Amino acid sequence: MKIDLNSLLAPKRVLNFCLVAFLGFQTNLSFAGENMSAPKAKKQPYTMTTHGDVRVDDYFWLRDDKRESPEVIDYLTKENAYSDQQLALGHSLKDQIYDELLSRMKHDDESVPYNYNGYTYRSRVVSGKNYPIYERRAINSNGEWQVLVDGNQRAEGSEYYRLGALTVSPDNNIVAIAEDREGRNNYSVSFRSLFSDEWQNATLTNTSGNIVWANDSQTLFYVNKDLQTLLPYQVFRHQYGSSQKEDSLIFEENDDTYYVSISKSSSKDFILIGVTSTETSEYQLIDANVPNNPVTILQKRKTGVEYYPDHFAGKFYIRSNHENPLFGLYVTAQVGENWDTLIAPRDDVDLEGFDLFNKWLVLEERQNGLVNIRQINWETKEENYVKFDDPAYMAWIDNNPESNTNKLRYGYSSMTTPSSIYEIDMGTQETQLLKQQEVKDFDKSKYQSQRLWITAQDGVKVPVSLVYRKDLFKEGTNPLLVYGYGAYGYSIDPSFSSSRLSLLDRGFVYAIAHIRGGGELGKKWYLQGKTINKMNSFTDFVDVTKALIQQGYGQSGHIYAMGGSAGGLLMGTVVNIAPELYEGVVASVPFVDVVTTMLDPSIPLTTGEYDEWGNPEEEEAYWRIKAYSPYDNIKKQQYPHMLVTTGLHDSQVQYWEPAKWVAKLRDIKQGDSLLLLKTNMNAGHGGKSGRYNALDDIAFDYSFILMLEDKAKYFPKFKK
């Protein structure tokens, strides 16, 4: 089996990279009294001509694919030292916030156990340790738990560590894990017999971390990555105990606009090879019972059509948008047969997922920006919906590995409700809370969450989720932090954050702008904020900010914005078009040099994202992207105070994008606003690894914003 790390690690399904990964803060107090000058990167013109348009990049030299250039490392180190010096007076504030975050955490904790294939599985964390321990024991046993993997032991000696996958063979005898020790999402696979303590370390290298066992418990399938672009594009078959050199290539995708992944069907009869782009998908099938058989195709790809299959009880169940931009659910008994409609697509409801039980079909559907969970009895067709109370919330179908049951596990959270795992009896609708995140000294009654609809400049209504502490809210006087993402059709749902309390308890209003380009209002919402419609994402964010100020949720001069990765692109464009709105901006691992990156297919992720941004080799796309690309649109104007973070080993947004952006901003911008670049020299896109290290990142971010709120103390030169 493949253990669901999401269900074990955290009771919510959220993209870590889009929730902002803030990088290290290592303050050197010896700088506190000094007046260090901001680093000034040298100019070394590099000329690029595309479609007759000449661009000169003075800071192209900051790109070093090997990350070994002494000149580049020296520059990044100087930027780090400058950031440390500028923030030195806030060292105690940062420590205070860290202590607050730490005090709310449950240091010894464990996940909700679940049963599968004769065993009960759980994960747990222990005080003082960064990583989870994964364990199992026989169902209904009161014996000792068997440790499958101790992340703390595996991480020893590594500055960065991430366990990307853990899967136990169907005969329960072998565990395979995929580990990243650099932060570039490049995983090595190790094996251990569960009758031995000895690991076969890094048996497979250069993988995506996607690993699936065949049913013979000896054959493992994995996805290989291109060495230069890190694109997952090949599927190999490996025999346990053999050398990687002996592995057989069974599938290769030659179109570099597609990504390859693998998973196992609910029936366990098939291993599914997913070949997907932003708007098109295709699936190949491996017989999990006869893994040496040739691969077959479920349905050939058709541009613009997505389908996502599962196999259960002798049939293929397929979520697809081939009839409507929004998804429906279809079924077929055989490969090559027509698909019958099971759940027809609807114009106002998007089907985001489904789960299959012997007696029940469970659907995860989104309507008006919120998720509903619908249960349908296969035999009686009786329907029930899970009931939710908050005006804005996040809900999801949780890990349900066993199909012969009436019990459904689902998750729930809101901006005032800690993440919770429930179990509902679908026959009786009796619901039981299995676990809720423990947050020390949290009193839900002190906080208020709301869902607003803001009218954008073109008349479209944009949903906004916000939260604040009731006794500290006074209309028109509070500091306001607006967070946004708006890309790839990902939904940034309004979930709980114990860390956020450090802002709310200091009087902040926190808002999530669910701008176009995300998936909060379904597929159509995504389409309205991508490629030719991308400017809608940026103008939505600005319109939301203005409306929140007008409606009294924030005070001018105390408005802040935050976003990471594609949300960092959002920040970069917003500060170009509306810098006067924001006092401070945090842009984490920001995608800001869009034209140059999208013109270079050797850079990881470029080719797979043509559907998201466009291919600037096409002239129309070139000029459209250039019109908003943050690096290409820096102006001689005043900018907000800005904190920009990156990771030297980032595989998703290369470190040189934010580094070049800061260098160019510092040369062109007017005024003396703070502009800080902080590079984590030992991490990638997701920031530091480990739960305690992650708190340090958050404290760094929050301390920057709170220091700006008290300039007289921390930045006397900016005192008004």
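Reading the values: the criteria
- Residues numbered from 1 in each chain as written.
- Predicted model: local features only at pLDDT ≥ 70, side-chain atom pairs only at ≥ 80, totals over all residues.
- Heavy atoms only, no water.
- Helix = DSSP H or I, 4+ residues; strand = E, 2+ residues; numbered from the N terminus.
- Rg over C-alpha atoms; globule rule 2.2 N^0.38 Å.
- Buried < 20%, exposed > 50% of the residue type's maximum accessible area, 1.4 Å probe, protein only.
- Areas by Shrake-Rupley, 256 points an atom, 1.4 Å probe, with all protein chains shown as cover.
- Lys, Arg positive; Asp, Glu negative; His and termini not counted.
- Charge placed at Lys NZ, Arg CZ, Asp CG, Glu CD.
- Pairing = 2+ DSSP bridges.
- Axes fitted to C-alpha atoms, helices over the stretch in contact; angles between N-to-C directions.
- UniProt positions renumbered as here; feature names shortened; annotations may be inferred.
- pLDDT = per-residue confidence, 0-100.
- Contact = heavy atoms within 4.5 Å.
- Salt bridge = Lys/Arg side-chain N within 4 Å of Asp/Glu carboxyl O.
- Polar contact = N/O pair within 3.5 Å; in protein donor to acceptor, adjacent residues only side chain to side chain.
- Core = buried A, V, L, I, M, F, W, Y, C linked by side-chain atoms within 4.5 Å.

A. The overall build of the chain, seen in detail. Broken down by element type, the chain carries 14 helices and 38 strands. In summary, the chain has a C-alpha radius of gyration of 25 Å against a globular reference of 27 Å for 720 residues, a match within 12%. By the burial criterion, 61% of the 720 residues in the chain qualify as buried. Accessible surface, the chain: about 28000 Å² in total, of which carbon and sulfur atoms supply 45%. If the 75 positive side-chain charges of the chain are averaged to one point and the 95 negative ones to another, these points end up 4 Å apart.

B. Layout of the sheet that holds strand β16 (residues 270-276). Reading across from one edge, β15-β16-β17-β18 is the order of the four strands in this open sheet, with antiparallel pairing throughout. Since the sheet does not close on itself, it has two edges, and those belong to β15 (259-264) and β18 (296-299), each with one partner. Averaged over neighbouring strand pairs, the angle between their axes works out to 30° when direction is ignored. Relative to β16, β15 runs antiparallel, the two sharing six bridges. From the neighbouring strand, Y259 faces β16, where its bridge partner is T276.

C. Focus on unusual backbone geometry. Of note, N117 is a non-glycine position whose phi angle comes to about 50°, a positive value. Looking at the element boundaries, N117 is found in the loop between β4 (114-116) and β5 (119-125). For A202, which is not glycine, the phi torsion reads 50° and is therefore positive. Topologically, A202 is positioned in strand β11 (residues 199-213).

D. Region of interest: the UniProt feature "domain: Peptidase S9A N-terminal" (unreviewed entry) in the chain. Per the UniProt entry, the sites bearing "domain: Peptidase S9A N-terminal" (unreviewed entry) are residues 41-437 in this numbering. Annotated as residues 41-437, this span is 9% helix and 47% strand, and its ends, taken at the C-alpha atoms, are 46 Å apart.

E. Region of interest: the confidence of the model for the chain. When pLDDT is averaged along the chain, the result is 93, and 95% of the positions lie at 70 or above. The low-confidence segment residues 6-34 (pLDDT under 50) makes 94 contacts with residues lying over four places distant or belonging to another chain.

F. View of the environment of F473. Assignment of secondary structure puts F473 in the loop between β32 (461-469) and β33 (480-484). Take F473: its relative accessible area is 23%, and that puts it in the partly exposed class. Separated by 36 residues in sequence, F473 and V509 have C-alpha atoms that sit 7.9 Å apart. For F473, the contacting residues outside a window of four places in its chain are Y468, N478, V509, G552 and Y553.

G. Spatial organisation of the side chain of D350. Relative to the assigned elements, D350 resides in strand β23 (residues 350-356). One buried charged residue, D350, remains without a salt bridge, the closest side chain of opposite sign being R319 at 5.4 Å. At 3.1 Å, the side chain of D350 and the backbone nitrogen of K523 are in polar contact.

H. Structural detail: the sheet that holds β11. Read from one edge to the other, the open sheet built from seven strands follows the order β8-β9-β10-β11-β12-β13-β14, with strand pairing classed as antiparallel. Taken across any chain shown, the strands that pair with only one partner, and hence form the sheet edges, are β8 (162-168) and β14 (248-252). The mean inter-strand angle of the sheet, taken between neighbouring strand axes irrespective of direction, is 40°. Here four bridges tie strand β13 (residues 232-239) to β14, and the two strands are oriented antiparallel to one another. Of the residues in β14, the one forming a bridge with F236 is L249.

I. Examining the UniProt feature "domain: Peptidase S9 prolyl oligopeptidase catalytic" (unreviewed entry) in the chain more closely. Annotation from UniProt places "domain: Peptidase S9 prolyl oligopeptidase catalytic" (unreviewed entry) at residues 494-706. Helix makes up 39% of residues 494-706 and strand 14%, and the two end C-alpha atoms of the span are 23 Å apart.

J. Representation of the nonpolar core. Counting residues in hydrophobic clusters, the biggest one holds 113 residues, and the most contacted among them are F541, L548, W613, M642, W661 and F704. In terms of residue count, the dominant contributor to this core is helix α13 (residues 691-709) (10 residues). Contacts of M642, omitting those with residues within four sequence positions, involve V575, V585, W661, L665, L674, L675, L676 and F704. In terms of nonpolar packing, the next biggest core, distinct from the first, is built from 17 residues, W360, L370, F388 and Y412 among them.

K. Quick look at the pairing of strand β31 (residues 447-455). Of the pairings in the sheet, the one linking β31 to β32 comprises nine bridges and is antiparallel in character. By the bridge assignment, Q450 is partnered in β32 with L466. Between β31 and β32, which pair antiparallel one after the other, the connecting turn spans five residues, and G459 there sits at a positive phi close to 95°.

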